[in-house]
Amino acid sequence: MIRTDYDKAADFSLYRTFAFADPLGTDRAGYTSLVTNRFKQSVRHQLERLGYIYDEDDPDLLVNFNTNVSRQSEVQVMPSPGLGYHSYRGSLYTAWATYDTEAFVENYEVGTVNVDVVDARRRQLVWEGVAEGRLTERALDDPGPVIDQAVAELFTKYPARAGGAAGNGDARGYP
């Protein structure tokens, strides 16, 4: 699931450069994680494809991101025809069918990614993207491709190319 929103009052035509917030949401332990490095590469790639220039010294925009992985359980209860209490009759004679229930429990991991783009001078959020989905064992073992895919999907909904007005579809369908 992908959700995005942006500040309709923000003048996106003023934004041409970006840098990363310090500290980033994924660096709460006080050091740069491998996940942080992958997100930085992926976000930088997407913003540069939109014409933005990386500028640590005087950015128009600051980018922050955060991740969360939570364990979820899904319980499904399904009727299952059986003889239930009357099973003692076995094959001697037919009993009325009863319906027992069977419960199936599935445990899985759900990953959520937030990417925030902030007007650096005003310290105001101007765009937010949220991606959420079920994580496979492969994704947990090698998160790089999943990060790249989620960030790419989020930025297809970014409202403007560098120096362009928001809301006119400039960022959609970029090469």
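Residues numbered from 1 in each chain as written. Predicted model: local features only at pLDDT ≥ 70, side-chain atom pairs only at ≥ 80, totals over all residues. Heavy atoms only, no water.

Engineer: So what about a nonpolar patch on the surface? Which residues, and what values?
Structural biologist: Together, V75, V77 and V105 give the surface a local cluster of nonpolar side chains, amounting to about 280 Å² of exposed area. By secondary structure assignment, the location of V75 is in strand β4 (residues 61–82). (Patch = residues over 30% accessible without salt bridge, like charges linked within 9 Å, V, L, I, M, F, W, Y side chains within 5 Å. Areas by Shrake-Rupley, 256 points an atom, 1.4 Å probe, with all protein chains shown as cover. Salt bridge = Lys/Arg side-chain N within 4 Å of Asp/Glu carboxyl O. Helix = DSSP H or I, 4+ residues; strand = E, 2+ residues; numbered from the N terminus.)

Engineer: Describe the side chain of T26, listing the residues and the values that go with them.
Structural biologist: Here T26 shows up in the loop between β2 (17–20) and α1 (34–49). The buried category is assigned to T26, whose relative accessible area is 16%. In this structure, T26 is in contact with S33, T36, F65, N66 and T67, ignoring residues within four places of it in sequence. (Buried < 20%, exposed > 50% of the residue type's maximum accessible area, 1.4 Å probe, protein only. Contact = heavy atoms within 4.5 Å.)

Engineer: So what's going on with the environment of E106? Residues and values would help.
Structural biologist: With respect to the helices and strands, the residue E106 is situated in strand β5 (residues 98–119). Taking the relative accessible area as the measure of exposure, E106 reaches 38% and is therefore partly exposed. Considered as a pair, E106 and E74 are 32 residues apart in the sequence and their alpha carbons are 5.2 Å apart. If we skip the residues at most four places from it in the chain, E106 touches Q72, S73, E74 and R134.

Engineer: Please set out the nonpolar core residue by residue, giving values where relevant.
Structural biologist: Soluble globular proteins tend to pack their nonpolar side chains together in the buried interior. Ranked by size, the top nonpolar core spans 28 residues in total, and within it V63, F155 and Y158 carry the most contacts. V63 has contacts with F18, A19, F20, A21, L24, V43, L47, V115, D116 and V117, leaving out every residue within four places of it along the chain. (Core = buried A, V, L, I, M, F, W, Y, C linked by side-chain atoms within 4.5 Å.)

Engineer: Break down the pattern of salt bridges for me, citing the residues and quoting the values.
Structural biologist: Taken as a whole, this structure holds six salt bridges when the rule is applied. Notably, a salt bridge pairs D5 with K8, separated by 3.2 Å at the nearest N-O pair. Classification of D5 as partly exposed rests on a relative accessible area of 44%. Under the relative-accessibility criterion, K8 is labelled exposed at 58%. When the shortest N-O distance is used, the salt bridge between R122 and D119 registers 3.2 Å. Its relative accessible area of 47% is what places R122 among the partly exposed residues. A relative accessible area of 8% places D119 in the buried class. Each of D58, D60 and R121 takes part in one network of salt bridges that share partners.

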